[in-house]
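# Structural overview for review
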Amino acid sequence: MSRNSIIEVDALTKVFNRQVRAVDGIDFDVEEGEILGFLGPNGAGKTTTLNMLSTLLKPTSGTATVNGYDIIEEPDAVRRSIGYVFQDPTLDLELTGRENLDFHGRLYGLNKDVREQRVDEILQLVQLADRADNLVKTYSGGMKRRLEIARGLLHHPKVLFLDEPTLGLDPQTRRSIWAHIQQLNQQKQVTIILTTHYTEEADYLCGRILIIDFGKIVALDTPDNLKARLEGDVVSLTFKDPEMIAKVRPLFERKDWVRHVHIVSSSNDHAAAGEMMNMMNVMRGMDVSSGVMGRVGSEGAIGKRAPRQIEKMLSTGPVEGSPASRRLILLVDDGGHRIPSIVKLVDEAGVDLESVELHKPTLDDVFISVTGRNIRDEQGSFMEMIRRHRIIRQARGQRVPG
Amino acid sequence: MVQPLSGQAIYVVLLRELKRYWRAKARIISSVAQSFFFLAVFGFGLGGFIGGVGRVTYLSYLAPGIIGMGLLFGSVFSGVSVIFDRQFGFMKEMLVAPVSRTSIILGKILGGAATASIQGILLMVVAGIMGAFTLTPALAFGAFAAIVVMLLITAGFVGLGVAIGSTLNDFHAFQLLSTFIIWPLFMLSGVFFPIDAVPFPFQVAMLLDPMFYGVELLRWCLLGAGTPLLGPLGWLISLGVLIGFNALMIAIGTYLFSRAQV
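Residues numbered from 1 in each chain as written. Chains lettered and ligands numbered in written order. Predicted model: local features only at pLDDT ≥ 70, side-chain atom pairs only at ≥ 80, totals over all residues.

On to the sheet that holds strand 1 (residues 5–16) of chain A, then. Residue and element names in this part refer to chain A. If you walk across this open sheet you meet the 4 strands as 2-1-4-5, and the pairing is antiparallel. The outermost strands of the open sheet, each flanked by one partner alone, are strand 2 (20–31) and strand 5 (69–70). As paired strands, strand 1 and strand 4 (residues 61–66) are joined by 5 bridges and run antiparallel to one another. Of the residues in strand 4, the one forming a bridge with Ile7 is Val66. Against the sheet, helix 1 (residues 46–53) touches strand 1, strand 2 and strand 4, its axis set at about 115 degrees to strand 1. (Pairing = 2+ DSSP bridges. Helix = DSSP H or I, 4+ residues; strand = E, 2+ residues; numbered from the N terminus. Contact = placed C-beta atoms within 7 Å. Axes fitted to C-alpha atoms, helices over the stretch in contact; angles between N-to-C directions.)

Taken together, the contact pairs 19 residues of chain A with 19 residues of chain B. Among the secondary structure elements, those contributing two or more residues to the side of chain A that touches chain B are helix 2 (75–81) and helix 3 (97–107) of chain A. Grouping the amino acids of the side of chain A that touches chain B by side-chain chemistry returns 8 nonpolar, 4 polar and 7 charged. (Nonpolar A, V, L, I, M, F, W, Y, C, P; charged D, E, K, R; others polar.)

Here we come to the nonpolar core. A:Ala150, A:Val159, A:Phe161, B:Ala63, B:Leu72, B:Ile109 and B:Ala127 are the most contacted members of the largest nonpolar core, which has 159 residues in total. In terms of residue count, the dominant contributor to this core is helix 3 (residues 58–80) of chain B (14 residues). Sequence-distant contacts of A:Val159, that is, excluding residues within four places in its chain, are made with A:Ile6, A:Ile7, A:Val66, A:Asn67, A:Ser81, A:Ile82, A:Val190, A:Thr191 and A:Ile193. (Core = buried A, V, L, I, M, F, W, Y, C linked by C-beta atoms within 7 Å. Buried ≥ 20, exposed ≤ 12 C-beta atoms within 10 Å, placed from the backbone.)

Owing to its 3.6 residues per turn, the α-helix aligns residues three or four sequence positions apart on the same side. All names here are of chain A. Most of helix 1 is tucked away, with 8 of its 8 residues classed as buried. All of the buried residues in helix 1 are Lys46, Thr47, Thr48, Thr49, Leu50, Asn51, Met52 and Leu53. The positive-phi residue at the C-terminal boundary of helix 1 is Thr55, with phi of around 70 degrees.

The next thing to look at is the packing of helix 2 (residues 25–50) of chain B against helix 3 of chain B. A pair of packed helices can be characterised by two numbers: the angle between their axes and the separation between those axes. Residues and elements named next belong to chain B. In the contact formed by helix 2 and helix 3, the axes pass within 9 Å of each other and the chain directions differ by 155 degrees. The orientation of helix 2 with respect to helix 3, classified from their angle, is roughly antiparallel. The handedness of the crossing between helix 2 and helix 3 comes out as right-handed. Contact residues: Ser31, Ser35, Phe38, Leu39, Phe42, Gly43, Phe44, Leu46, Gly47 and Ile50 in helix 2; Tyr58, Leu59, Leu62, Ala63, Ile66, Met69 and Gly70 in helix 3. (Parallel < 35°, antiparallel > 145°, perpendicular 65-115°, else oblique. Left-handed = near helix turned anticlockwise from the far one by under 90°.)

By themselves, these are just geometric observations and shouldn't be taken as functional.
Right under this line is the structure:
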């Protein structure tokens, strides 16, 4: 069965400040009715891509069509074809939920009868009918998100862009937003493109996943096919001493039953925050001494990101002044039976092992195998971190000072 | 680049400004009260000491100026609020809609002018109750003319605010804006003292302040006369300057807003 492409992207490129290639010549098609996920770390180019597809940003080169309209030649027709739920909250907190929707309907030129009917219908659909006439500032984070998604659909777009739809929401609310997204996709026949850096979100929701890193597409396939690429099992080794990783790595690379070896920069542990600050210092130092222009965050944010080489160094090996990796990931055939040999190898090398873990490949592992990094490492700039922190606080319904 | 205008979009942005204004009751009350204090303290306090200016009491002389103050502050801040729209994300919702930026900003300017003028009307009523204006049939016409003048004054200054708000990227510059732009505009507008009573260099500075002509026009409407310095056709001169200023500011504000990054 061949399906129609609703979006066709052709060598789309965005360069900021003449040197930062936030999106680097990407090509892909989106099929009508599918849910496509952009998976990638912060600053990978996800939002920049959406901003170009939605005509908010002009591409440096290349182009795309959305619903058959060219994003450069026919921006108004493109805008009429899409709904965009931004990463940052964009509701007017001083208006009621209904007023926010009504405002949107007017901007899109819907007449009064159509507007009222659709607003009522969509409020029912996202279960906000009973709170419709309360000011949005009294809503919880999940309610605000639902309202924004509802608003994005009010003018019956062919394509809905969702930028990090569940950022900062608790797991339960996240589940309910997922259910809403699936329901809307099926009931409204709307094509959905979402960005996320949660692998489980991409895995659960998306028919296909596009992994983007440093502005380039590194993989595009269904979640199952992506995982099937990693034949075998994933064995994750954590060492007490990061120095030892370099010593152990060659031992495994020589074995024919080991398909891949990756070193992952340490992340979710207690050192993450300190590491973040450390990384920033290293990046800043290098920026100054080498005179390299900082990589601007994909959203065009103020934050500077380290140039690519530095990031690569940080993620693949120890850099002076930054805490090194403690984890080694092996992709092996028949992992369960290999664990004793693995432990023995490490033992013979005289290295202390802290823990061993065995699992079937997940999207996290796929991500590591195609990018060499763990998606959970927040490799954004310090400013980016603060900005995200603000979004998360807002999503949780707290007032932000200032 | 010529952008098509959408009446619907202009109207809806205007409507939003009005709704938000009307909901912020505390802000309305506090700014009316502030102007009332100014009028009471300076009008009765300083007025008792000075007597009058020309043939009117000091309170009467002061009232159009204080109304002008409300218009000035209200309109510039309303324009600068594009910063907040951007900061709190709502701007993106407007910019991704299939309407031109020119429509959005014209709605913003009209909305800001309308809300600041409502503020001005409230102040006019307060000043009237305090006895600043002589109740004559001419005043009814004058008050109506004053409302038109208020819209004229505020539209230009919302444009100025939008221009500033589109250029500045953070709202910490707010303090600077207030100290170096709004206060001088206010102080030089001839609220407290007549222009013919100050030294020549000072007079030049006042004549360069667009707000001066706004206050002049309000005096013509509400008191029936302006400064002798501009002569009997002072109202026409003031009207001309104000219209010119308006056209310039709206053009600059619209241009800078259209150019600004999301």
